[in-house]
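Here's the letter readout for the chains.
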Amino acid sequence: MSVSKTTAQQRNFLLLASSIYLVVSIFGFIGSNSTNSSALQLNSYYNAIAAITGFASFVLLRKFNADSKRFTFGLDRFIPLLTLVEGLLIFSVSQNACASSTQLIFSGGSENPVNSDTLIYSIIITIIYFLSYILHLNHVKNLGNSLPLSKILLAKSLIITIFSASITVLFGISIILTQINIFPPIRSYIEPIAIFVLVSIAMKGPMGQIFGSVNQLLLGAPQKEETNAIFAIIASRMAGMSPDSYKVRPTKQGEMLYVNILLSENFADSYPGKVNLLQTIKNTISEDLRDQFPINKVEFSL
C-alpha cells in the first residue's frame, strides 16, 4: 500500500474515531449531569480530550504532504506535540479525579450512590466503546499493524473500553448489594474507590505518552525498542563491514523516520567493492524498515 493511500486511510479513520469520542463525550456529560456520577464525568473528560487531539491530528494529517522549507519533516512533526498535550491533559484530569475520590473516601463516600439510570448510561457507553474498539482493531489489521499512530489509537481505545466495562460491572454490583440490602454503607464507597483504583492502574498510559513525546521533541530520538530494531536491520544489511566503519544516526518525528549512516573517511579504501553497492544497500534497508516505519528515508554520508 502506498504511503499516500495509507495516510489517507489513517486520516479518514482518525476523523471517524474523533467523532465517536465527541458523541460519547456529550452523551456522558448528559448522563453525569442527570445522575451526578463522577465516574461518567471522568469518562466524558477522557473522551473530550481524545476528540480534541484527534481532530487536531486530522487537520495536520490533511497537510502532511505539504511542502515546507521550515518543517523539513512536514507537519507530522507536530504529532508528538499533540501526544504530549493529550498525555498532560489526561494526567491532570486523572490526578484531579484521584484527589476527589480520596476526599470522598475519607469523608463518608459519595452523596449520590449508584442507581439504575447511572448503570444504563454506563452500559450504553461501554457498548459503544466495544464497537469502537472493533473498528480500531480492523483498521490496524488493514494497515498491516505498522503505523505507530494507529497502534496508539488502538491502545487508547482498549484502555477506555476496559475502564468503562470495569465501572459498569462495579455499578451493577453496587445495585445488587442495594437490592439485597447487604453492606448498605459500602454503596457510597464503591464509585470513589473504583475511580481511585482504576485511574491509578491506568496512569501508565499518559505517563508513557508524556515521556515518549518529550523524548522525540527534545532529542528527535525513536523509542529504545525502535532504536534496537533499526540498528539490528542495518547491521544485517551491512554484514561484512566493521561497525567502526560507519555510524548510525536515527531521527524520528511523529511517524517519519530519517536514518543517516555516516561512513568513515577511509570507508572507500577499506571496502572498495561496497561503494558501488551503497544505493542497493540503502534501498534494501529502507524496505526492511518499512514494516515497522512505513514512512522512512535512509541516506549515506561521508
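This text follows the structure it describes.
Residues numbered from 1 in each chain as written. Predicted model: local features only at pLDDT ≥ 70, side-chain atom pairs only at ≥ 80, totals over all residues. Heavy atoms only, no water.

Q: When you look at the packing of helix α8 (residues 224–237) against helix α11 (residues 278–289) in this model, what are you seeing that I'm missing?
A: Axes are the key here: two packed helices are described by the angle between their axes and the distance separating the axes. Where α8 meets α11, the axes come as close as 10 Å, and the angle between the chain directions of the two elements is 145°. By crossing handedness, the relation of α8 to α11 is classed as right-handed. Note on element contacts: α11 touches α8 through Ile-281, Thr-284, Ile-285, Asp-288 and Leu-289, opposite Ile-230, Ile-233, Ile-234 and Arg-237. Here the residues of the contact of α8 with α11 are counted per class, giving six nonpolar, one polar and two charged. (Axes fitted to C-alpha atoms, helices over the stretch in contact; angles between N-to-C directions. Helix = DSSP H or I, 4+ residues; strand = E, 2+ residues; numbered from the N terminus. Left-handed = near helix turned anticlockwise from the far one by under 90°. Contact = heavy atoms within 4.5 Å. Nonpolar A, V, L, I, M, F, W, Y, C, P; charged D, E, K, R; others polar.)

Q: Any chance you could explain the environment of Glu-265 here in plain terms?
A: Looking at the secondary structure, you find Glu-265 in the loop between β2 (256–263) and α9 (267–270). A relative accessible area of 86% means that Glu-265 is categorised as exposed. Distance from Glu-265 to Ser-245, taken between C-alpha atoms, is 8.4 Å for residues 20 residues apart in sequence. (Buried < 20%, exposed > 50% of the residue type's maximum accessible area, 1.4 Å probe, protein only.)

Q: Can you help me understand α8 in this one?
A: Three or four residues apart is the spacing at which side chains of an α-helix point the same way, because the helix has 3.6 residues per turn. Compared with the 20 Å implied by 1.5 Å per residue over 14 residues, the 20 Å span of α8 between its first and last C-alpha is a close match. All buried positions along α8 are accounted for by Glu-226, Thr-227, Ile-230, Ile-233 and Ile-234. The arc enclosing the buried residues of α8, seen along the axis, measures out at 130°, which places them on a common side. Exposed residues lying more than 90 degrees from the buried face of α8 are Lys-224 and Glu-225. (Expected span 1.5 Å × (residues − 1). Arc of directions from axis to C-beta.)

Q: Whenever I open this one, the packing of helix α2 (residues 38–62) against helix α3 (residues 79–105) confuses me. Can you help?
A: One can describe the packing of α2 onto α3 by two numbers: an axis separation of 10 Å at closest approach and a directional angle of 170°. Between α2 and α3, the interaxial angle falls into the category roughly antiparallel. Of the residues in α3, those touching α2 at Leu-42, Tyr-45, Tyr-46, Ile-49, Ala-50, Thr-53, Ala-56, Ser-57 and Leu-60 are Ile-79, Leu-82, Glu-86, Leu-89, Ile-90, Val-93, Ser-94 and Ala-97. Looking at the contact of α2 with α3, its residues break down into 13 nonpolar, three polar and one charged. (Parallel < 35°, antiparallel > 145°, perpendicular 65-115°, else oblique.)

Q: Explain the nonpolar core here, please?
A: The nonpolar side chains of a soluble globular protein tend to be buried, and buried together. Counting residues in each nonpolar core, the largest one holds 20 residues, and the members touching the most others are Ile-234, Met-238, Val-259, Ile-261, Leu-263, Ile-285 and Leu-289. Breaking this core down by element, the ones donating at least two residues are α8, β1 (246–253), β2, α11 and β3 (295–301). With residues near it in sequence (within four places) discarded, Ile-261 still touches Ile-234, Tyr-246, Lys-247, Ile-285, Val-298, Glu-299, Phe-300 and Ser-301. Grouped together as the second largest cluster of nonpolar side chains are 19 residues, Val-93, Cys-98, Val-114 and Ile-195 included. (Core = buried A, V, L, I, M, F, W, Y, C linked by side-chain atoms within 4.5 Å.)

Q: Would you take a moment to explain the environment of Tyr-46 for this structure?
A: Secondary-structure assignment places Tyr-46 in helix α2. Exposure remark for Tyr-46: the relative accessible area of 12% places this residue in the buried category. Residues Tyr-46 and Ile-160, 114 residues apart in the sequence, show an inter-C-alpha distance of 8.2 Å. Among all residues touching Tyr-46, those that are not within four sequence positions of it are Ile-90, Val-93, Ser-94 and Val-199.

Q: Just checking my understanding: could you explain the packing of aromatic side chains for this structure?
A: Each aromatic ring pair is described using two quantities: the centre-to-centre distance and the angle formed by the ring planes. Considering all chains together, one arrives at four aromatic pairs under this definition. Aromatic side chains Phe-27 and Tyr-121 sit 5.2 Å apart centroid to centroid with 50° between the ring planes, which places their arrangement in the tilted category. Placement of the pair is Phe-27 in helix α1 (residues 3–35) and Tyr-121 in helix α4 (residues 116–142), with a sequence separation of 94 residues. Arranged with centres 5.3 Å apart and planes meeting at 45°, the rings of Phe-267 and Tyr-271 form a pair that is tilted. For Phe-267, a relative accessible area of 1% corresponds to the buried category. The class for Tyr-271 is buried, based on a relative accessible area of 17%. (Phe/Tyr/Trp six-rings, centres within 6.5 Å; stacked < 30°, edge-to-face > 60°.)

Q: Sorry, what's going on with the pairing of β2 here?
A: In summary, the side chains of a regular strand alternate between the two faces of the sheet. With respect to burial, β2 is a largely interior element, six of its eight residues being buried. One ladder, built from seven bridges, connects β2 with β3; its direction is parallel. Residue Tyr-258 lies in a different strand from β3, and its bridge partner there is Lys-297. (Pairing = 2+ DSSP bridges.)

Q: Honestly, the layout of surface pockets in this entry has me stumped. Any pointers?
A: Rolled over the atoms, a probe with the dimensions of a water molecule shows which regions are left empty. Space inside the second largest pocket adds up to approximately 290 Å³. Surrounding the second largest pocket, 18 residues form its lining, Ser-38, Gln-41, Ala-97, Ser-100 and Ile-195 being those nearest its centre. With six residues, the single largest contributor to the lining of the second largest pocket is α3. Considering only residue class, the lining of the second largest pocket consists of seven nonpolar, nine polar and two charged. (1 Å grid on protein atoms, 1.4 Å probe; cavity = no way out; pocket = protein on both sides within 12 Å on 5 of 7 lines; lining within 4 Å. Points joined across faces, edges and corners; volume = space filled by probe spheres on them.)

Q: Can you walk me through the pattern of salt bridges in this structure?
A: In a structure, side chains of opposite charge can pair up when their charged atoms sit close to one another. Summed over the entire model, instances satisfying the criterion amount to four salt bridges. A salt bridge links Glu-299 to Lys-282; the nearest nitrogen and oxygen atoms lie 4.0 Å apart. Here Glu-299, found in strand β3, pairs with Lys-282, found in helix α11; they are 17 residues apart in sequence, far enough to count as distant. For Lys-282, a relative accessible area of 15% gives the class buried. Ionic contacts of the salt-bridge type, sharing partners, join the residues Lys-282, Lys-297 and Glu-299 into one network. (Salt bridge = Lys/Arg side-chain N within 4 Å of Asp/Glu carboxyl O.)

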